[in-house]
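# Coordinates in review
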Amino acid sequence: MYSKGVFFSAVLRAIVVFLLLGGGITPAQDNSRSVLTKLKDFVIYKDTAFYSSFPSVIRKKNGELFIAFRRAPNRVLYGRKSNIHIDPNAYLVSVRSIDGGATWSEKPKLLFAHPDGGSQDPCLLPLTDGSILCASFLWSYVGGDTLLMPWFDKNSFRDNHALSGGYITKSYDGGDHWVQLNDPPTIPLEPRLTPTGKPLPAYNRGALLEHKNGRVFWAVTGKVPDIDSPNSVHLLASDDGGETWNYQSEIASDQQVVFNETSLYETPTGRIVAFMRTSNHADQACMAVSEDGGKSFGSWTSMGFKGHPIQALRLPDNRVLLVYGYRHKPYGIRARVLDAECTDYMESEEFVIRDDGGTPDLGYPWSVMLDGNNVLVVYYFNNKNGIRYIGGSILKVK
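For clarity, every value in this text was computed on a predicted model and none was experimentally measured.

### Let's talk about the sheet that holds strand β25 (residues 389-397)
Judged by pairing direction, the sheet is antiparallel, and its four strands sit side by side in the order β1-β25-β24-β23 without closing on themselves. The sheet is open, and its two borders are formed by β1 (36-45) and β23 (363-369), each paired with just one other strand. Between one strand axis and the next, the sheet turns by 25° as a mean value, whatever way the strands run. Where β23 and strand β24 (residues 374-381) come together, five bridges link them in antiparallel fashion. Its bridge partner being in β24, Trp-366 is matched across the sheet by Val-378.

And the structure:
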């Protein structure tokens, strides 16, 4: 028999566990038993004159680390109350490291400035032939009273800016020079137009994929016709290194759930996994899998955790590192390690990389192997709602 004191103590512990795990309070994470260990955090690029965000990183064949990110003027210095992600002066820049991330270019180099608007979210993909693709998309400044709203939906027209769709640039010399390729196609049933009345080019933010068969795949966002806000995600494929694209299949759509920023990953058996950010779904990360080389995808499924958005990296032993932003208190960056085929996501342990963010305006991490055991994770960050900057963390993988 239990004494009353022991009984009530057990009940109290049960209540606490319930509140932590199911009552809406996020428990503090215990990283002590994780297969990941954080070695350090550091600043890659920070300048109070600029709002820097949305980085992407690759490791070139010569070992050089190359980061692209979006930079715009710090509008607070111009009298605005805060910065936003829609800026007609946003453009893409790059920094490099030749010593494994110990030091970085002091001054970013212009990667690309689009003549039609502010560029967002550069997404790098190194190809096996040594060239590099970079996908981005545009917000263009327009006169809010001069264009008819049927050209837009409310989610693609804000603050006198209109969504102008995606574009692709390519470098043939390791990132020194970039050329803009032909506009991506408009996906089927896409009802939106650009500010100039042209069909909206496909766009998205997330990791592209060069499949083992040589095809390049890109997950893009589309508007669900006749639905006010939800988006669908679709697969495009290129057989000429990103020069031209063809529609392949729908990855996911729903009448309520919004699917958007999607990264692609290929498992050792050739499965294509799409890791998707969502809205209207308690910020749950979701995934869908293709077993036939992208011709079709199975039903989407929730992954059991919140992620904003996800990027996947193959580890030397074929396990998969997922990194994602965490835009709930405590704000920061998190990670998980999955098995080689990405099947154990419900059982995977969450690893907290950082939980010291000042506001939800952070995240978008991207990772790359430094060597056989260490990983560089880059992201944009803020402390105490200060200037946004490009930060990095180095993780050791057991």
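### Considering the sheet that holds strand β4 (residues 91-97)
Spatial strand order, β2-β3-β4-β5: four strands in an open sheet with antiparallel pairing. At either end of the open sheet lies a strand with only one pairing partner, and these are β2 (50-59) and β5 (109-112). Put simply, the sheet's adjacent strands are angled 35° from each other on average, direction ignored.

### Regarding the pattern of salt bridges
Inspection of every chain in the model, using the stated rule, returns 17 salt bridges. The residue Arg-319 makes a salt bridge to Asp-317 at a minimum N-O spacing of 2.7 Å. The salt bridge partner of Arg-334 is Glu-350, with a shortest N-O separation of 2.6 Å. On the criterion of sequence distance, the pair formed by Arg-334 in strand β21 (residues 332-338) and Glu-350 in the loop between β21 and β22 (351-354) is long-range, its members being 16 residues apart. Taken together, the salt bridges that share partners define one network made up of Lys-38, Asp-41, Arg-354 and Asp-356.

### So, the environment of Asn-74
Within the fold, Asn-74 resides in the loop between β3 (65-73) and β4. Residue classification places Asn-74 among the buried residues on the basis of a relative accessible area of 8%. Setting aside residues no more than four positions away along its own chain, Asn-74 makes contact with Thr-48, Ala-49, Phe-50, Tyr-51, Asn-83 and Ile-387. At 2.8 Å, the side chain of Asn-74 and the backbone oxygen of Thr-48 are in polar contact.

### As for the nonpolar core
Taken as a class, soluble globular proteins show a tendency for nonpolar side chains to be buried jointly. Counting 39 residues, the largest nonpolar core has Ile-44, Ile-67, Trp-104, Trp-218 and Leu-376 as its most contacted members. For this core, the leading source of residues is β2, giving four residues. Once residues within four sequence positions are removed from consideration, Ile-44 is found in contact with Ile-67, Val-95, Trp-104, Val-378, Ile-390, Gly-391 and Gly-392.

### A word on the confidence of the model for the protein chain
For the protein chain, the average pLDDT comes to 89, and 87% of its residues sit at 70 or higher. Residue range residues 1-28 is modelled with pLDDT below 50. Its contacts to residues more than four positions away, or to other chains, number eleven contacts.

### So, the packing of aromatic side chains
Summed over all chains, the structure comprises twelve aromatic pairs. Where Tyr-45 meets Phe-69, the ring centres are 5.4 Å apart and the plane angle is 35°; that geometry is what we call tilted. A residue pair is termed long-range when its members are at least 10 positions apart, and Tyr-45 in strand β1 and Phe-69 in strand β3 qualify at 24 residues. By relative accessible area, which is 0% here, Phe-69 ends up buried. Ring centres of Tyr-379 and Phe-381 lie 5.6 Å apart, and the angle between their planes is 65°; this geometry places the pair in the edge-to-face category. Across this residue pair, the class does not change: Tyr-379 and Phe-381 are buried. Among the aromatic residues, those joined into a cluster by ring pairs are Phe-54, Tyr-364 and Tyr-380. Sitting over the ring of Phe-381, Arg-354 keeps its end group 4.1 Å from the ring centre.

About the criteria used
- Residues numbered from 1 in each chain as written.
- Predicted model: local features only at pLDDT ≥ 70, side-chain atom pairs only at ≥ 80, totals over all residues.
- Heavy atoms only, no water.
- Pairing = 2+ DSSP bridges.
- Helix = DSSP H or I, 4+ residues; strand = E, 2+ residues; numbered from the N terminus.
- Axes fitted to C-alpha atoms, helices over the stretch in contact; angles between N-to-C directions.
- Salt bridge = Lys/Arg side-chain N within 4 Å of Asp/Glu carboxyl O.
- Buried < 20%, exposed > 50% of the residue type's maximum accessible area, 1.4 Å probe, protein only.
- Contact = heavy atoms within 4.5 Å.
- Polar contact = N/O pair within 3.5 Å; in protein donor to acceptor, adjacent residues only side chain to side chain.
- Core = buried A, V, L, I, M, F, W, Y, C linked by side-chain atoms within 4.5 Å.
- pLDDT = per-residue confidence, 0-100.
- Phe/Tyr/Trp six-rings, centres within 6.5 Å; stacked < 30°, edge-to-face > 60°.
- Lys NZ or Arg CZ within 6 Å of the ring centre and 35° of its normal.

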